Amino acid sequence: YGESLAQVLALVGARPVPDPLGRVNRVELIPLEELGRPRVDVVCNCSGVFRDLFINQMNLLDRAIKMAAEADEPVEQNYVRKHALEQAEE
C-alpha cells in the first residue's frame, strides 16, 4: 500500500514530512519550481477495508489534495486546483 500512497503524493506534488522519530504525521507541497511539472489530479479508488484500516494514511492523502487544491498557483500548473474550482462553480 505504501507504494500506491507514494505515487499519489508524487503525482499531486506533495511529500511526507517525518517527525523526529521517523513517523509521518503531515505532508507538504513541493514548490512548483522544484517539482518541475504541473500538479496532476488523481482519482483514488480505495476499498472499504483500506479506508478503515489505514485511516491515518487516508487523512494524509486528504490533506495533500486539499493543500494542492487551495494552493495559490496558476491553474495551468495545478490541475488539482483547476478541477476543484470547476467543481465549485457547478
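Structure report, in brief. Here the structure is a predicted model, which is why all the values come from computation and not from measurement. (Residues numbered from 1 in each chain as written. Predicted model: local features only at pLDDT ≥ 70, side-chain atom pairs only at ≥ 80, totals over all residues. Heavy atoms only, no water.)

1. Digging into the side chain of Glu 73
Part 1 of the reasoning: In this fold, Glu 73 is placed in the loop between helix H4 (55–70) and helix H5 (79–89).
Part 2 of the reasoning: Here Glu 73 falls in the buried class, since its relative accessible area comes to 15%.
Part 3 of the reasoning: For Glu 73, the side chain forms a polar contact with the side chain of Arg 39, separated by 2.8 Å. (Helix = DSSP H or I, 4+ residues; strand = E, 2+ residues; numbered from the N terminus. Buried < 20%, exposed > 50% of the residue type's maximum accessible area, 1.4 Å probe, protein only. Polar contact = N/O pair within 3.5 Å; in protein donor to acceptor, adjacent residues only side chain to side chain.)

2. Concerning the packing of helix H1 (residues 2–12) against H4
Part 1 of the reasoning: Remark: H1 packs on H4, axes separated minimally by 10 Å, with the N-to-C direction vectors making an angle of 10°. Relative to H4, the element H1 is oriented roughly parallel. Across the interface between the two elements, Leu 5, Val 8, Leu 9 and Val 12 from H1 touch Gln 57, Leu 61, Ala 64, Ile 65 and Ala 68 from H4.
Part 2 of the reasoning: For the contact of H1 with H4, the class distribution of residues is eight nonpolar, one polar and no charged. (Axes fitted to C-alpha atoms, helices over the stretch in contact; angles between N-to-C directions. Parallel < 35°, antiparallel > 145°, perpendicular 65-115°, else oblique. Contact = heavy atoms within 4.5 Å. Nonpolar A, V, L, I, M, F, W, Y, C, P; charged D, E, K, R; others polar.)

3. Brief notes about the environment of Arg 63
Part 1 of the reasoning: With respect to the helices and strands, Arg 63 occurs in helix H4.
Part 2 of the reasoning: Remark: the alpha-carbon pair of Arg 63 and Val 27, spanning 36 residues in sequence, is separated by 7.3 Å.

4. A closer look at the packing of H4 against H5
Part 1 of the reasoning: Relative orientation of the contacting elements H4 and H5 amounts to 80°, with a least axis distance of 7 Å. Comparing their axes, H5 and H4 come out roughly perpendicular. Contacts from Ile 65, Ala 68, Ala 69 and Glu 70 in H4 reach Val 80, Arg 81 and Ala 84 in H5.
Part 2 of the reasoning: Within the contact of H4 with H5, the residues separate by chemical class into five nonpolar, no polar and two charged.

5. What to know about the packing of aromatic side chains
Part 1 of the reasoning: With the rule as written, the count across this model stands at one aromatic pair.
Part 2 of the reasoning: Centre to centre, the rings of Phe 50 and Phe 54 are 5.0 Å apart; their planes meet at 40°, and the pair counts as tilted. (Phe/Tyr/Trp six-rings, centres within 6.5 Å; stacked < 30°, edge-to-face > 60°.)

6. Structural notes on the pairing of strand E1 (residues 14–18)
Part 1 of the reasoning: Two elements, E1 and strand E2 (residues 24–29), share five bridges in a ladder whose sense is antiparallel. By the bridge assignment, Arg 15 is partnered in E2 with Glu 28.
Part 2 of the reasoning: Count of turn residues in the E1/E2 antiparallel hairpin: five residues, of which Gly 22 carries a positive phi of about 90°. (Pairing = 2+ DSSP bridges.)

7. Observations regarding the nonpolar core
Part 1 of the reasoning: In terms of nonpolar packing, the biggest core is built from 14 residues, with Val 8, Leu 9, Val 12, Val 27, Leu 61 and Ala 64 touching the most fellow members.
Part 2 of the reasoning: Ignoring sequence-local partners within four residues, the contact set of Val 27 consists of Leu 9, Arg 15, Pro 16, Val 17, Leu 60, Arg 63, Ala 64 and Met 67. (Core = buried A, V, L, I, M, F, W, Y, C linked by side-chain atoms within 4.5 Å.)

8. Some points on the pattern of salt bridges
Part 1 of the reasoning: Summed over all chains, the structure comprises six salt bridges.
Part 2 of the reasoning: Ionic pairing is found between Arg 39 and Glu 73, a salt bridge with its closest N-O pair at 2.8 Å. On the criterion of sequence distance, the pair formed by Arg 39 in the loop between helix H2 (32–35) and helix H3 (48–53) and Glu 73 in the loop between H4 and H5 is long-range, its members being 34 residues apart. Pair check on accessibility: Arg 39 and Glu 73 agree, each one buried.
Part 3 of the reasoning: Across the salt bridge formed by Lys 66 and Asp 62, the nearest N and O atoms sit 3.1 Å from each other. Note that Lys 66 and Asp 62 are positioned in helix H4 at a spacing of four residues, about one turn of the helix.
Part 4 of the reasoning: Look at Lys 66 and you get partly exposed, because its relative accessible area is 46%.
Part 5 of the reasoning: The exposure class of Asp 62 is partly exposed, given its relative accessible area of 36%.
Part 6 of the reasoning: Taken together, the shared-partner salt bridges in this structure form one network comprising Arg 15, Glu 28 and Glu 34. (Salt bridge = Lys/Arg side-chain N within 4 Å of Asp/Glu carboxyl O.)

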